[in-house]
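One letter stands for each residue in the lines below.
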Amino acid sequence: MKKFNKIMSILLVLAIMLSLVACGGKTEPTAAATDAPATESAAAAVTYVDPYADLADDYDALCEAIYNDQLGEFLAAYNAAKEATNVSERFALMAVAEAKLMESSVMLPLTSRGGNYAISRVAPNTATSVLWGGDSDRFHNVLVTTEPITAAHRDELKALWAELKGTGTWEAEARKFLEDNGYTLKDTYSMGYSSDPQTWDSVGTSRAADGEAIVNTYDGLVEYDSENVMQPALAESWEVSDDGLTYTFHLRQGVKWVDSQGREVAELKADDFVAGMQHMLDTMAGLEYLVQGIIVNVNEYISGDITDFAEVGVKAVDDYTVEYTLCQPTSYFMTMLGYSVFAPVCRSYYESKGGKFGADFDASAASYTYGKTPNDIAYCGPYLVSNATAENTIVFKANPAYWNAENINIKTLTWLYNDGEDALKAYNDTVSGVLDGAGLNASSLEQSKVDGLFDTVVYTAATDATSFSAFYNVNREATSNVNDGAVVTAKTEEELVRSKAALRNVHFRRAVSFATDRGTYNAQTVGEDLKYTSMINSYTPGVFVTLEEDVTIDINGTATTFPAGTFYGAIMQAQIDADGVTMTVWDPTADGGIGASSGFDGWYNPDAAAAELAAAIDELAAIGIEVSAENPIYIDLPYFSGSEAFGNRANAYKQSIENVLGGAVIVNLTECVDSKAWYYAGYYTEYGYEGNYDVYDVSGWGPDYGDPQTYLDTFLPDYAGYMVKCIGLF
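Residues numbered from 1 in each chain as written. Predicted model: local features only at pLDDT ≥ 70, side-chain atom pairs only at ≥ 80, totals over all residues. Heavy atoms only, no water.

1. Some remarks on the environment of alanine 208
Locating alanine 208 in the fold gives a position in helix 6 (residues 208-214). Residue classification places alanine 208 among the partly exposed positions, given a relative accessible area of 42%. Expressed as a C-alpha distance, the spacing of alanine 208 and serine 699, which sit 491 residues apart in the sequence, is 9.8 Å. (Helix = DSSP H or I, 4+ residues; strand = E, 2+ residues; numbered from the N terminus. Buried < 20%, exposed > 50% of the residue type's maximum accessible area, 1.4 Å probe, protein only.)

Quick look at the structure:
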């Protein structure tokens, strides 16, 4: 569905025709310029003509054309994977599609979350560690102690978890272990945060900063427990039809919706799941793609071909029975239920806050206040928000009306804001007991050694499946932040046109990626010792799924068989190797011979960077863009100057690229004086044309369900892919 059609900015008009010749030098003619031989006295200059100039008045068509040029191979491979009916074949073909995505180098994988030194009072594995969905951000059953847990005891607890996983006894045994070893458990948990929720509407956002807070205010149909076993939550039981197309959930009776003061507003009914799904589709806030092609008639409702929501495949059979009808059997459907897309919305409360459905929905209406603040939502989860002071404090208090109130461990959950300007704040607050845990940056790591804590309570945090990346803007229009005009580029109009043309060249993007010393970059925030621990080399973790049976697929014309048990990452690497692209996304010798796509740098390669740059220089010269140390391409990287660690990281990025590429690429470090300006340069943007950068390293993605599609869907065209805006499209 195309949301709008926007007239292109003046920059595109300027790009229609601009003669770009090296200052003080000569250019070698190419076939595109002239067939005459070069002479010492005269060299023909090639005039750059924007190949997309005739689409300047049609933003959607422009984005589609650029997307097809940059990601067409990925999309074709992805569509082929979607056609597979066998799960293992599907996984293998998804890996091929991701190989094409990696080869396009529209983004450079950087790190996962975790993998840093940390101090914590929270026992490991007492929140779920399942890799997808939002349940890992539910903290009602974590075990928190009054003193930091030693690294040795954490290792013992993790070994105990591995032994007890799936028995239903882990939490009780972890509690006993802690008490037997002299720890005192408490019912409060204080943690730091760095970005305020922009909305409290559970199905009206796909931003992690919103969802991580809101998930504690509602329950879903099911929930993964701390042993990573799916348990009943608002649904007491369920069944699946023999054809795999109908899922029927029987709801827990007597569950109450309450307001922020704990006053009952309604009983939870099956219709609230219908209301939640319809409201989610009405808001079009980035969750809808998850159920497009999954639930019957979702596509048709979004497109407007169906206006009666009763025709969509979610129905309240009766007050306590909700039914979902799927377009085709979907092996991972149950794993999707842990994410907010399936959250209920109290229909009567929503309507009392001005909420409407279908064509009548209008988020801009003066009467519409739903989700604007924590006082404008109904709660059916473990917590009520008692305080939400911007850039200060968010307090979650136990919901006395919660259906499982007697079984939650944490009665008060407190979030304390940290803008990152004081490199030691989180560490000092953790040591003093203000916070119950903090990751350590390079400065606080050294302080922990001075304080004598490094050898006792400092441990290495586990990594998760989050993928943070650097994104290349292939269609930059904004030259300042869209919210307030801050963070203004220093580039001239000519430099903007040149960098846009360069970033649309795959060899140029690969050159920049291969020139990025990600180890040194990462060391600025996690320390030299752990600079590779959280490093990732692909978008989807290579170990995310494995083949359940032998599969034979085509790799560049060769029938290739991958045996049962083959990791996703190994298939991805096979396609990349067959295509002759110099990048390593899978190391079969890593992790003790198990294999991994993380923990090493498979992209940094100065020789490959030089070769890719040479190819880019030739191709860009053919269209009239000279690239050299005398006439470099300038790329803007916004960075948060208020943080020493982030400033050091940005400088490491700049030095690496400029040194490896011999000055042919210059990184402009675009100063953001506070973290909000940094986020508004890209993270808080809604559309591709709002991205105020050439390369941006703030955004990332975490999986919503247990299938590689949860990652790859984010790079679909036509506003369907949530992360495509990060490369300046749609």
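Having put the structure on the table, let's press on.
2. Observations regarding the confidence of the model for the protein
Per-residue confidence for the protein averages 93 on the pLDDT scale, and 94% of its residues sit at or above 70. Per-residue pLDDT stays below 50 along residues 1-44; that stretch engages in 90 contacts with residues further than four places along the chain or on separate chains. (pLDDT = per-residue confidence, 0-100. Contact = heavy atoms within 4.5 Å.)

3. Some thoughts on the sheet that holds strand 16 (residues 383-389)
In a beta sheet, neighbouring strands pair by backbone hydrogen bonds and run either parallel or antiparallel. Across the sheet, which stays open at both edges, the four strands sit in the order 7-18-17-16 with mixed pairing between neighbours. The two strands at the open ends of the sheet, each matched to only one other strand, are strand 7 (188-193) and strand 16. With direction set aside, neighbouring strand axes in the sheet form an average angle of 15°. Inspection of the sheet shows strand 17 (residues 393-398) paired to strand 18 (residues 412-417) by five bridges, in the antiparallel sense. Counted as the bridge partner of lysine 397 is threonine 412 from strand 18. (Pairing = 2+ DSSP bridges. Axes fitted to C-alpha atoms, helices over the stretch in contact; angles between N-to-C directions.)

4. Focus on the sheet that holds strand 14 (residues 314-318)
The antiparallel open sheet is built from four strands, whose spatial order is 10-11-15-14. Single-partner strands in this sheet number two, and they are strand 10 (235-240) and strand 14. The sheet shows a mean angle of 20° between the axes of neighbouring strands, direction not considered. The sheet contact formed by strand 11 (residues 246-251) and strand 15 (residues 321-325) spans five bridges and is antiparallel. From the neighbouring strand, threonine 248 faces strand 15, where its bridge partner is glutamate 323. Sitting on the sheet, helix 7 (residues 271-283) is in contact with strand 11, strand 14 and strand 15, with an inclination near 165° to strand 14.

5. Digging into the packing of aromatic side chains
Going through the model one piece at a time under the given rule, you end up with 44 aromatic pairs. Taken together, a centroid distance of 5.6 Å and an interplanar angle of 50° make the contact between tyrosine 683 and tyrosine 684 tilted. Like tyrosine 684, tyrosine 683 is buried. One residue, arginine 154, lies across the ring of tyrosine 459, its end atom 3.8 Å from the ring centre. Sitting over the ring of phenylalanine 454, lysine 449 keeps its end group 5.1 Å from the ring centre. (Phe/Tyr/Trp six-rings, centres within 6.5 Å; stacked < 30°, edge-to-face > 60°. Lys NZ or Arg CZ within 6 Å of the ring centre and 35° of its normal.)

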